[in-house]
Amino acid sequence: MLNNRTEFERVVYDEKFRPLITEKQVRERTAELGKQITEDYRGLHPILICVLNGGFIFMADLVRQIELDLEVDFIRISSYGDAMKSSGNVRLVKDVNAELKNRHVLLVEDIVDTGLSLQFLSEKMAEYDPASIKFVTLLWKKEKARVETHIDYVGFEIPDSFVVGYGLDHKQILRNLPAVYVMD
Ligand code: 5GP
């Protein structure tokens with residue numbers, strides 16, 4: 001049960017969360033990314049693939065900032081379970097439906113942590129022989145990378161702490177918080 005201690009701090013399951021990135025900052029950065037993607041993909045009719053579950057809110061906001069004809073699809077992978085540490089064991093839960101051969105594919109992630117999910121996704125996408133594969137993530141724990149990661153568009157680099165909100169969960173809740181919070 002989520003309750004407001006102060007206007008800014010939230011306590012859930014006895015854990016304290018404080019704001020890290022405000023709604024306004026997310027909105028402004030998403031608009032910048034959308035503009036950049038619009039320029040980079042002009043004339044290309046890309047397909048944006050949302051990585052579920054965490055990516056659903058960022059995806060919804062990002063596509064509305066892209067002024068192009070585009071398609072959307074969804075893929076679901078699992079690596080964390082209910083824990084706060086990446087298990088390193090990434091598995092596919094739901095694949096995309098669209099035919100990706102010769103398509104310009106842009107994967108939309110909520111957060112890149114160890115980079116193992118991104119590596120898994122990049123290998124999976126390569127099997128479909130797309131014309132191009134790029135990645136956009138709202139958040140990047142750069143210092144945490146366990147594998148070499150190339151991310152084409154990054155919203156915010158963040159420290160190595162557990163974050164929630166704006167799609168990201170803690171024990172499957174808190175995804176609906178409109179801003180990004182960090183565990184104290
Ligand atoms: P990676 O494979 O890069 O280690 O982890 C990627 C996935 O782990 C993300 O898509 C996300 O589901 C989860 N994850 C990584 N860091 C965090 C975090 O700080 N908070 C939450 N809620 N999930 C995270």
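Model, not experiment: these values are computed from the prediction. (Residues numbered from 1 in each chain as written. Predicted model: local features only at pLDDT ≥ 70, side-chain atom pairs only at ≥ 80, totals over all residues. Heavy atoms only, no water.)

A. Representation of helix α1 (residues 23–40) in the model. Helix length check: α1 (18 residues) gives 26 Å between terminal C-alpha atoms against 26 Å at 1.5 Å per residue, within 8%. Within the span of α1, buried status applies to V26, T30, L33, G34, I37 and T38. Down the axis, α1 shows its buried residues gathered within 140° of arc, on one side only. Elements that come into contact with the buried residues of α1 comprise β3 (15–21), α2 (56–63), β7 (104–112), β8 (132–140), β9 (153–157) and β11 (180–183). (Helix = DSSP H or I, 4+ residues; strand = E, 2+ residues; numbered from the N terminus. Expected span 1.5 Å × (residues − 1). Buried < 20%, exposed > 50% of the residue type's maximum accessible area, 1.4 Å probe, protein only. Arc of directions from axis to C-beta. Contact = heavy atoms within 4.5 Å.)

B. Quick peek at the pattern of salt bridges. Across all of its chains, the model carries 11 salt bridges by this definition. Between R103 and E71 there is a salt bridge, with the nearest N and O atoms lying 3.2 Å from each other. You can see R103 sitting in the loop between β6 (91–94) and β7 and its partner E71 sitting in strand β5 (residues 71–78), a full 32 residues away along the chain. With a relative accessible area of 16%, R103 lands in the buried category. Between K144 and D113 there is a salt bridge; the shortest N-O distance is 2.9 Å. Placement of K144 in the loop between β8 and β9 and of D113 in the loop between β7 and α3 (116–126) is noted, with a sequence separation of 31 residues between them. In the salt-bridge network here, residues are joined through shared partners; they are D113, K144 and D160. (Salt bridge = Lys/Arg side-chain N within 4 Å of Asp/Glu carboxyl O.)

C. Highlighting the site of the ligand. Close contacts around the ligand come from 18 residues, with T114, S117, K141, V163 and D169 the closest. Within the side chain of E109, one N or O atom sits 3.4 Å away from an oxygen atom of the ligand. In the environment of the ligand, an oxygen atom lies 3.1 Å from a nitrogen or oxygen atom belonging to the side chain of D110. When residues of the shell around the ligand are traced back to their parent elements, those giving at least two are β7 and α3. In terms of residues, the shell around the ligand owes the most to one element, β7, which gives four residues. Among the residues making up the shell around the ligand, the classes are represented as seven nonpolar, six polar and five charged. (Near = heavy atom within 4 Å. Polar contact = N/O pair within 3.5 Å; in protein donor to acceptor, adjacent residues only side chain to side chain. Nonpolar A, V, L, I, M, F, W, Y, C, P; charged D, E, K, R; others polar.)

D. Looking closely at the packing of α1 against α2. Contact geometry of α1 with α2 gives a least axis separation of 9 Å together with a crossing angle of 60°. When the axis of α1 is compared with that of α2, the two are oblique. Helix-helix and strand crossings are classified by hand; for α1 and α2 the assignment is right-handed. Only F58, D61 and L62 of α2 make contact with α1, whose side of the interface consists of T30, L33, G34 and I37. Across the contact of α1 with α2, the residue classes break down as four nonpolar, two polar and one charged. (Axes fitted to C-alpha atoms, helices over the stretch in contact; angles between N-to-C directions. Parallel < 35°, antiparallel > 145°, perpendicular 65-115°, else oblique. Left-handed = near helix turned anticlockwise from the far one by under 90°.)

E. Here's a closer look at the nonpolar core. F58, L62, V136, L139 and V163 are the most contacted members of the largest nonpolar core, which totals 28 residues. Only α1, β4 (47–52), α2, β7, β8, β9 and β11 provide two or more residues apiece to this core. Sort the elements by how many residues they give to this core and α2 lands first, with four residues. Those residues in contact with V163 that sit more than four places away from it in its chain are L20, I111, L139, I158, L168, D169, V180, Y181 and V182. By size, the runner-up hydrophobic cluster in this structure holds 20 residues, among which are I47, I77, V96 and L121. (Core = buried A, V, L, I, M, F, W, Y, C linked by side-chain atoms within 4.5 Å.)

F. Broad picture of the side chain of T137. Considering the arrangement of structural elements, one finds T137 in strand β8. For T137, a relative accessible area of 1% gives the class buried.

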